[in-house]
Structure formats: structure tokens, C-alpha cells
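Letter by letter, the chains look like this.
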Amino acid sequence: MGLTRKKSGFTLAEVLITLGVIGVVAAMTLPALVTNYKGNILKTQLQKSYSVMQNALQMMNNEQGFVAKPGSYAQRTFISTYKKYLLVASDCNSDKCESRYEENEDGDLVMTNNSSNYKTYNNKKLTNQYLDDGQLILPDGSFIMIQNEVIALDGTILISVDVNGIYKKPNRWGHDLFTFQIMDDGKLLPMGSDGTLFDNDTYCSVTSSSSINGIACTYRALTEKDYFKNLPK
């Protein structure tokens, strides 16, 4: 008479426990994976935008016969030349896309110093005084904003870019909005680099109350390996 072999297997309770453990592990790791994925996309978009803006500036300099630098252009005239060297999907002029207008309690639009779309690095109200001298949307959705006011900043030209576009979140300086400065030698440097107007200790800070906090985060975003993993909520 042969021996009867017992069939081995998992009980329902064991299966449920295993699935529960898997669910807990997934819940713990998935947010970090999503954050890393989004951060990698933003960094790639930032690097691409930097390259596009540099190439346009170089072509512009070559054709116009002089180097674009602070004081080279009258107020709000830089954008009219610069945009010729970019593929432009939509021209927002100075404030058709991003403006200082907000709705009051009556639903009327009133002009303020606050951005209608953006917040600071640590999610405070942002003043858009450096974003309103020309605005362009490119075919990939990235959104370029120019500062070219002769009186302010001694004619210094700033180029800011929302790398994933004005219509995609988070719309915060230092998260998806980054600023560059045209230097005296014509180089386009990420804000926060040595010699640029705003230092990242003061203007890329979790604790800063500045209404332009985040303007200097660009250098850190391009050079720090874990920058996008540590963005403030």
C-alpha cells in the first residue's frame, strides 16, 4: 500500500499577510519613487531649456555683431531681438500669460505686485517684477519670461523659464521656474552662481520670507545631485 503525500501550499491567512506586507512596503516606497521620477524629469527639462536659451543667445550675438550684455538694449527691447532665435509657439507680450492681476472679493481684476500664477520656493506669495518685460511660450510648452528694465538693476537682463510650462504645476521658483542672468561678458549664468545678483543662501531658502525667494536656486538645481529630492512642500 503506497504512502499518501500531503499537498503543501499557502493558507488564505498567509497569503493575506504577505499581500499586506507588500502593500505596506509599496506605500512606503512609492511616494519616494514618484518624487524621484518627477525630479529627474524637471532636471532634464531644465538642462534642455538652458541649452536652448544659450544657443539662441549665441546665434543672436553672432548675427547682431555685438555681445548682448547689461545696458545693450533699451527698456523692454531685448525680447524683440531674442525671440527671433527661438521657436515661438505663442507670444504673450509683457503680461498676457503671467500678470500681476488678481481677483478681488467682487470678482474684479485688480493690479497687485503678486504673480497671478507663481509662488516662491517655500510656497509664499511671489512678486513678478522680474518676469514682466516679455513672455514667450515655446513649442515644448516651456515658458520664457524676461527682465529688461533699464532703471531697475542697472539694465541687467534676466531670463526666467518655467521648464514644464505655465499651465503645469507646481509653478514655484526653484521647483519648475528657474532664472538666469546675462553677465557683463555676455555669458548666460544660472542665478546663484558666483557673481550673479542673488545668492542662494538668501534667495533659495526654506525659511526665507522674501517675495522672490527661489530666484537664486538655479545653480543648485543644476549642480546638486539630490536637489530635486529635497524640495520643500
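One numbering rule holds for all chains: residues counted from 1, following each sequence as written. Local features are withheld for residues below a pLDDT of 70 in this predicted model, meaning they are given only at 70 or higher, and side-chain atom pairs are given and counted only at 80 or more; totals for whole chains, interfaces and linings count all residues. Note that the side-chain values use all heavy atoms of the structure and ignore hydrogens as well as water.

A. Geometry of the pairing of strand β8 (residues 158–162). In terms of burial, β8 is a largely internal element, five of the five residues being buried. Pairing of strand β7 (residues 143–147) with β8 involves five bridges; the strand directions are antiparallel. What sits directly across from Met-145, in β8, is Ser-160. Note on pairing: DSSP must find at least two bridges between two strands before they are called paired. By definition, any uninterrupted DSSP run of H or I lasting at least four residues is a helix, any uninterrupted run of E lasting at least two residues is a strand, and each is numbered from the N terminus. Relative to strand β9 (residues 177–182), β8 is paired through five bridges, and the arrangement is antiparallel. The partner of Leu-158 across the bridge, within β9, is Gln-181. The rule is simple: take the accessible area with a 1.4 Å probe, protein chains only, and divide by the maximum for that residue type; under 20% is buried, over 50% is exposed, in between is partly exposed.

B. Region of the structure containing the environment of Ile-146. Following the sequence through the fold, Ile-146 ends up in strand β7. Sequence separation of Ile-146 and Leu-158 is 12 residues, and the distance between their C-alpha atoms is 5.8 Å. Aside from chain neighbours lying at most four places away, what touches Ile-146 is Phe-78, Ile-79, Tyr-82, Tyr-130, Leu-131, Asp-132, Asp-133, Gly-134, Ile-157, Leu-158 and Ile-159. Should any heavy atoms of two residues lie within 4.5 Å, those residues are considered in contact.

C. Fine view of the nonpolar core. Counting residues in hydrophobic clusters, the biggest one holds 34 residues, and the most contacted among them are Phe-78, Tyr-82, Ile-159, Phe-180 and Tyr-227. When residues of this core are assigned to their parent elements, the largest contribution, seven residues, is made by helix α1 (residues 12–64). Residues contacting Ile-159, with those up to four places away along its chain left out, are Met-53, Phe-78, Tyr-82, Ile-144, Met-145, Ile-146, Phe-178, Thr-179, Phe-180, Ile-182 and Leu-188. Listed in part, the 18 residues of the second largest apolar core include Ile-137, Leu-158, Phe-198 and Ala-216. Remark: nonpolar core denotes a set of buried residues (Ala, Val, Leu, Ile, Met, Phe, Trp, Tyr, Cys) joined through side-chain atoms within 4.5 Å.

D. Representation of the pattern of salt bridges within the structure. Salt bridges are counted wherever a side-chain nitrogen of Lys or Arg sits within 4 Å of a carboxyl oxygen of Asp or Glu. For the coordinates displayed, the defined rule picks out six salt bridges. The shortest N-O distance in the salt bridge between Asp-140 and Lys-48 comes to 3.3 Å. Residue Asp-140 is found in the loop between β6 (135–137) and β7, and its partner Lys-48 is found in helix α1; the two are separated by 92 residues along the sequence. Given a relative accessible area of 43%, Asp-140 falls into the partly exposed group. Judged by relative accessible area, Lys-48 falls into the partly exposed class, the value being 45%.

E. Structural context of the side chain of Thr-218. Here Thr-218 shows up in helix α4 (residues 218–223). Overall, the relative accessible area of 0% leaves Thr-218 in the buried class. Excluding residues that lie within four positions of it along the chain, Thr-218 makes contacts with Leu-46, Phe-178, Thr-179, Phe-180, Pro-190 and Met-191.

F. Expanded view of the packing of aromatic side chains. Each aromatic pair joins two rings of Phe, Tyr and Trp (for Trp, the six-membered one) with centres within 6.5 Å, and gets the label stacked for planes under 30 degrees apart, edge-to-face for over 60, and tilted for any other angle. Counted by the stated rule, this structure contains eight aromatic pairs. Aromatic pair Phe-78 and Tyr-82: ring centres 5.0 Å apart, planes at 25°, arrangement stacked. Of this pair, Phe-78 and Tyr-82 both sit in helix α2 (residues 78–82), four residues apart, which is roughly one turn of the helix. For the pair shown, Phe-78 and Tyr-82 are each scored as buried. When the ring of Phe-178 is compared with that of Phe-228, the centres are 6.2 Å apart and the planes differ by 70°; the resulting orientation is edge-to-face. Note that Phe-178 is positioned in strand β9 and Phe-228 in the segment after α4, a separation of 50 residues in sequence. The residues Phe-178 and Phe-228 share a single accessibility class, namely buried. Here the aromatic residues Phe-66, Tyr-73, Phe-78 and Tyr-82 are joined through ring pairs into a cluster of three or more.

G. Summary view of the side chain of Ser-115. Relative to the helices and strands, Ser-115 resides in strand β4 (residues 114–119). What qualifies as a polar contact is a pair of N or O atoms within 3.5 Å, subject to a donor-acceptor requirement within protein and to the restriction that residues adjacent in sequence count only when both atoms come from side chains. Here Glu-98 takes part through its side chain, which lies 2.6 Å from a polar atom of the side chain of Ser-115. Separated by 2.8 Å, the side chain of Ser-115 and the backbone nitrogen of Tyr-118 make a polar contact. When near neighbours in sequence (up to four residues on either side) are disregarded, Ser-115 contacts Glu-98, Ser-99, Glu-102, Leu-126, Thr-127 and Asn-128.

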